[in-house]
Amino acid sequence: VTLSDAAAEGAVAAASRQDFAEVERRVRAAETTALVPMDEITVELSPGPYVVGYGVSVTTTYQLQLYTPFVNGLVGGGQLTLRRQATQPIITVSN
């Protein structure tokens, strides 16, 4: 849920601003739980052509470290990549 909310918040920001720093700030401010350290989330912005009505996507990625030996054997490497993407239509284009 945290990654989904963060990606959605970033996509809303990206739809009205083409400023990656602002998008990243909004993603990190969307923390809903302390289970995912927001400073460890990777943020990607994937705009197509920056034209009103086209979609802009924000992807959030987190590497979950697994500490349970049984689960480590199933997943391999002890890490599970969690990734969520949200897309919003561009509502304004800055000059």
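Placed above this text is the structure.
Procedures and definitions
Residues numbered from 1 in each chain as written. Predicted model: local features only at pLDDT ≥ 70, side-chain atom pairs only at ≥ 80, totals over all residues. Heavy atoms only, no water. Pairing = 2+ DSSP bridges. Helix = DSSP H or I, 4+ residues; strand = E, 2+ residues; numbered from the N terminus. Axes fitted to C-alpha atoms, helices over the stretch in contact; angles between N-to-C directions. Contact = heavy atoms within 4.5 Å.

Novice: Even after reading the chapter, I still don't get the sheet that holds strand 2 (residues 55–65), so can you show me in this structure?
Specialist: The strands making up a sheet are joined through hydrogen bonds of the backbone, oriented either antiparallel or parallel. Sheet architecture is open: three strands sit in the order 1-2-3, paired in antiparallel fashion. Of all strands in the sheet, those bounded by a partner on one side alone are strand 1 (42–47) and strand 3 (79–89). Recorded for the sheet is a direction-independent mean angle of 20° between the axes of neighbouring strands. Bridge analysis of strand 2 against strand 3 gives 11 bridges, and the strand direction is antiparallel. The partner of V58 across the bridge, within strand 3, is A86. Lying on the sheet, helix 1 (residues 2–16) is in contact with strand 1, strand 2 and strand 3; it crosses strand 3 at an angle near 35°. Against the sheet, helix 2 (residues 20–29) makes contact with strand 1 and strand 2, and its axis sits at roughly 135° relative to strand 1, the strand it touches most.

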